[in-house]
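# A closer look at the structure
Listed here are the chains, written in short residue letters.
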Amino acid sequence: MATALPHSLLKFSGTSASDLLQSSSNGVSGVPLKALGRSRLGVTKRDFTVAAVIRKGKKHDYPWPEDADPNVKGGVLSHLSHFKPLKEKQKPVTLDFERPLMDLEKKIIDVRRMAQETGLDFSDQIISLQNKYEQALKDLYTHLTPIQRVNIARHPNRPTFLDHVLNITDKWVELHGDRAGYDDPAIVTGLGTIDGRSYMFIGQQKGRNTKENIQRNFGMPTPHGYRKALRMMYYADHHGFPIITFIDTPGAFADLKSEELGQGEAIAFNLRTMFGLKVPIVSIVIGEGGSGGALAIGCANKLLMLENAVFYVASPEACAAILWKSAKASPKAAEKLKITAPELCKLKIADGIIPEPLGGAHADPAWTSQQIKLAVSESMDELLKMDIPQLLNHRMLKFRSLGGFQEGVPVEPEKKVNMKKKEEPVVQKEDISKSLDLELEGELEKLKEQILKAKQSSSKLPELGINEMIEKLKKEVDQEYSEAVKAMGLTDRLEMLREEFAKARNSSEQLMDPSLLEKIEKLKHDFNLGLSEAPNYASLKYKLDMLKEISKAKKISEQNDKVTTLKQEINKRFKEVMNRADVKKKIEALESDIARARGSTDGDLAKGLKEKIIKVKKEIELELTDVLKSLKLDVEIVESKAKALSEQIPLPDLKFKIEELNEDINEGIEEAISSTDLKNKIELLKLEMVKAGKTPDVETKNKIEALKQQIKQRLAEVLTSSPLVEKHEKLKGEIAQAMEFSGGSDGSILKEDVKYDESGVGINIGATQGRTYS
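Summary of the structure given here.

About the criteria used
- Residues numbered from 1 in each chain as written.
- Predicted model: local features only at pLDDT ≥ 70, side-chain atom pairs only at ≥ 80, totals over all residues.
- Heavy atoms only, no water.
- Helix = DSSP H or I, 4+ residues; strand = E, 2+ residues; numbered from the N terminus.
- Buried < 20%, exposed > 50% of the residue type's maximum accessible area, 1.4 Å probe, protein only.
- Contact = heavy atoms within 4.5 Å.
- Salt bridge = Lys/Arg side-chain N within 4 Å of Asp/Glu carboxyl O.
- Phe/Tyr/Trp six-rings, centres within 6.5 Å; stacked < 30°, edge-to-face > 60°.
- Lys NZ or Arg CZ within 6 Å of the ring centre and 35° of its normal.
- Axes fitted to C-alpha atoms, helices over the stretch in contact; angles between N-to-C directions.
- Parallel < 35°, antiparallel > 145°, perpendicular 65-115°, else oblique.
- Nonpolar A, V, L, I, M, F, W, Y, C, P; charged D, E, K, R; others polar.
- Expected span 1.5 Å × (residues − 1).
- Arc of directions from axis to C-beta.
- Pairing = 2+ DSSP bridges.
- Patch = residues over 30% accessible without salt bridge, like charges linked within 9 Å, V, L, I, M, F, W, Y side chains within 5 Å.
- Areas by Shrake-Rupley, 256 points an atom, 1.4 Å probe, with all protein chains shown as cover.
- Lys, Arg positive; Asp, Glu negative; His and termini not counted.
- Charge placed at Lys NZ, Arg CZ, Asp CG, Glu CD.
- Polar contact = N/O pair within 3.5 Å; in protein donor to acceptor, adjacent residues only side chain to side chain.
- Core = buried A, V, L, I, M, F, W, Y, C linked by side-chain atoms within 4.5 Å.

Generally, phi is negative for residues other than glycine and the peptide bonds are trans, each holding for most cases. The backbone phi angle of Asp195 is positive, close to 55°, even though this residue is not glycine. Structurally, Asp195 can be placed in the loop between β4 (187-194) and β5 (197-204). Since its relative accessible area comes to 58%, Asp195 is described here as exposed. Even without being a glycine, Lys325 presents a positive backbone phi close to 60°. If you trace the backbone, Lys325 turns up in the loop between α12 (316-323) and α13 (330-337).

Structure below.
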């Protein structure tokens, strides 16, 4: 772009246009007013050109993808957000006080692997150790010291403001800029809905890795960020949107540039403005809440804190450096500052504590977000009932009544001049957890020694009360399921469905209401969908897998014992038969005949001996068959009616055709089952059989029989109307022809593979995915 000024009013003596545009504060003067006035008298014509070149900036990648998903969570506008899922999963970070328990967990895994390698059953001892480990973990996180809570609040993997917002909102769109040309990425604002109600969200955003932390300035806002938040507060106040703020910052960014741009003034303006907003405000401390940088968006009607969040006027390290001249005294400073959620609730600064899972919010971010959602909804329901004067008065009274007082606490006496008081050794809470860790470690070492001894000595399984173990595990699994249902908020729905099911069971109607079945299926679906997000899912899965493995091992062991006992009984009974006097006499007579026939050349004698051998063999077989039948075993005597080998005609490959027909029948059955009416009847049959139990009454029996007949009739209609009947008849003809050639007439081949129902259509019931229609 070029602008020509052909008639200049000024004389330029070696001064460029850029020099004239500079401020006089830099030591270069512009055009004096006197010269400006005289310049009209003596005009010297001179042309000059000012050229402006646009600097080529970084190409902006438009965030909306080409194949944008219209059903994305939060609505299509969420494609505009720069906050995307991380490409690489965050690396697990273990804090210093967690390391002993993490080491113990690894040792328990090693012991479990050792037990599997030896083939010995030490499951009872391992379960006991696992329960003690979980109790130690629970005790550790129940009795955390203040400095430990500070470390958890600063955990690199702790969920950020946008993580929580995307988890709790139905729709979400981010709003940018302070209307002064700046958009501070350390403060994020936007509109979102929770359960159909719209809110203005304002929060301090940290990064999830080093790159994001640099981009977000480690969650420390500049004055531009606070002015952006102020603009959104005015916007929410004008449109009547309740405000939810998320606090997570070490403090406002305190560099020279921020101070020049009015950092203190921006924070003070926010404080004054928030006290006059006519909409409800709820603030949640999700990590660190540092000084005025946190308070600038924290003047709310209600201040809630996550269980391991901290809220302070100065960080423990800064306080220790000021008071004790060393940052190593930060644990003591954290204790004296009273910065944790329980202590701030006692001092009436915080209004509530939002629970976190064991291990901190990063152990289960989705569950933590749901707890935040419940707390926000409950607080907003209370605040939205107030009118504007009540709301402003509520906010004013909250800050007027800040600060609780503790009476009866002994005050440390003043130290004498030039004398240092001897400090008494204080037993830290870490010592308790360390002693517990040492106790568990000792038990682990003992169990390792037992496994190694058992591996070296014998491979015989130790005698354990398997049944007692299974019953104990069942109770624990039921308890875990109950806790999962409670954590997911499904307790009320479950109780309502139980009452409806009990009423339906006691009613005189033959069939159960389909709507009740749909509710049951919906509850099952919701429970299974959210089970993996439950805080005790890992414990539940471990105990459930253990129960399955032990039950499977018990079943296999029982089957093996049963088979072994049966074999021993059969051998014993066979031995008794063979030792009977009449059987021995027959065998001895036969042996003498065989010895006499060896020296004879008479063909008739050899032929008669063969017939006698066959006769004795059949008699003994009948005796043994009676023994097997007396043991309640099914015995099938196969009589060969085939012709001589030279006269036999080879059978066609009928088995493949029979299997193919069975597969077609199964497909037909599956298609019939997928129909809505038949599927509902099968589900009703299952429920009725569960209701009936082992001793059904007459009415329930009639219901079950009626449903069975309806299912059979429907299956018969589907199968008889299909081309399977023609294929079946054709196969029957081929089998009959093959049997005629092979000399068979009993139809055993057909009976072996194809079963029939009342309609005459072959159905291989056992192969239909374990279903039974009989």
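There is more to say after this.
The next point concerns the side chain of Thr160. Counting through the fold element by element, Thr160 comes out in the loop between α5 (146-153) and α6 (161-168). Of the residues examined, Thr160 reaches a relative accessible area of 2% and is grouped as buried. The contact partners of Thr160, leaving out residues within four places of it in the chain, are Phe83, Gln205, Lys206, Gly207, Arg208 and Ile286.

Let us look at the pattern of salt bridges. Once the charged atoms of two side chains with opposite charge are near each other, the side chains can pair. What the rule picks out here adds up to 21 salt bridges. Residue Arg99 is joined to Asp96 by a salt bridge in which the shortest nitrogen-to-oxygen separation is 2.5 Å. For Arg99, a relative accessible area of 44% corresponds to the partly exposed category. The salt bridge partner of Arg197 is Asp381, with a shortest N-O separation of 3.1 Å. Note that Arg197 is positioned in strand β5 and Asp381 in helix α15 (residues 365-383), a separation of 184 residues in sequence. Under the relative-accessibility criterion, Arg197 is labelled partly exposed at 30%. What makes Asp381 partly exposed here is its relative accessible area of 38%. Each of Arg154, Lys206, Asp248, Glu288 and Glu317 takes part in one network of salt bridges that share partners.

Turning next to the packing of aromatic side chains. Enumeration over the complete set of coordinates arrives at eight aromatic pairs. Seen in terms of ring centroids, Tyr199 and Phe201 are 6.2 Å apart; in terms of plane orientation they differ by 65°. Their pairing is edge-to-face. Every member of this aromatic cluster is reached through a ring pair, and the members are Phe161, Trp172, Tyr199, Phe201 and Phe246. In this structure, Arg272 packs its charged tip against the face of Phe269, placed 4.7 Å from the ring centre.

For the rest of this paragraph, the subject is the packing of α12 against α13. Interhelical geometry of α12 versus α13 gives an angle of 105° and a closest axis separation of 8 Å. Taken as axis vectors, α12 and α13 run roughly perpendicular relative to one another. Contact residues: Pro316, Glu317, Cys319 and Ala320 in α12; Ser330, Ala333, Ala334 and Leu337 in α13. Split into classes, the residues belonging to the contact of α12 with α13 amount to six nonpolar, one polar and one charged.

Attention shifts here to helix α10 (residues 263-274). It helps to recall that an α-helix has 3.6 residues per turn; residues three or four apart then point in one direction. Counted at 1.5 Å a residue, the expected span for α10 with its twelve residues is 16 Å, and the 17 Å between its end C-alpha atoms agrees. Buried within α10 we find Gln263, Ala266, Ile267, Asn270, Thr273 and Met274. For α10, the angular spread of the buried residues around the axis is 130°, confining them to a single face. Elements that come into contact with the buried residues of α10 comprise α8 (223-239), α9 (256-260), β7 (281-290), α11 (291-295) and α16 (388-400).

Looking along a regular strand, one sees side chains alternate from face to face of the sheet. The element strand β8 (residues 302-306) is largely enclosed, with a buried count of five among its five residues. Across the two faces of β8 the burial is the same, with Lys302, Leu304 and Leu306 and Leu303 and Met305 all buried. Pairing geometry for β7 and β8, over four bridges, is parallel. Bridged to Ser283 within β8 is Leu303. Looking at chain direction, β8 and strand β10 (residues 352-354) are connected through three bridges and run parallel. When the bridges of β10 are listed, Leu304 appears paired with Gly352.

Taken together, the side chains of Glu659, Glu663, Glu667 and Glu671 make up a negatively charged region of the molecular surface. Topologically, Glu671 is positioned in helix α24 (residues 654-674). The exposure class assigned to Glu671 is exposed, which follows from its relative accessible area of 60%.

This part covers the side chain of Arg231. By secondary structure assignment, the location of Arg231 is in helix α8. Although Arg231 is buried, it makes no salt bridge; Asp178 carries the closest opposite charge, 6.6 Å away. Looking at Arg231, its side chain comes within polar contact range of the main-chain oxygen of Gly177, at 3.0 Å.

Proteins that are soluble and globular tend to have nonpolar side chains buried together. Counting 55 residues, the largest nonpolar core has Phe201, Ile202, Ile243, Ile244, Phe246 and Ile284 as the members making the most contacts within it. If sequence neighbours within four positions are ignored, Ile202 has contacts with Phe161, Ile187, Val188, Thr189, Ala229, Met232, Met233, Ile243, Ile244, Thr245, Phe246 and Ile297.

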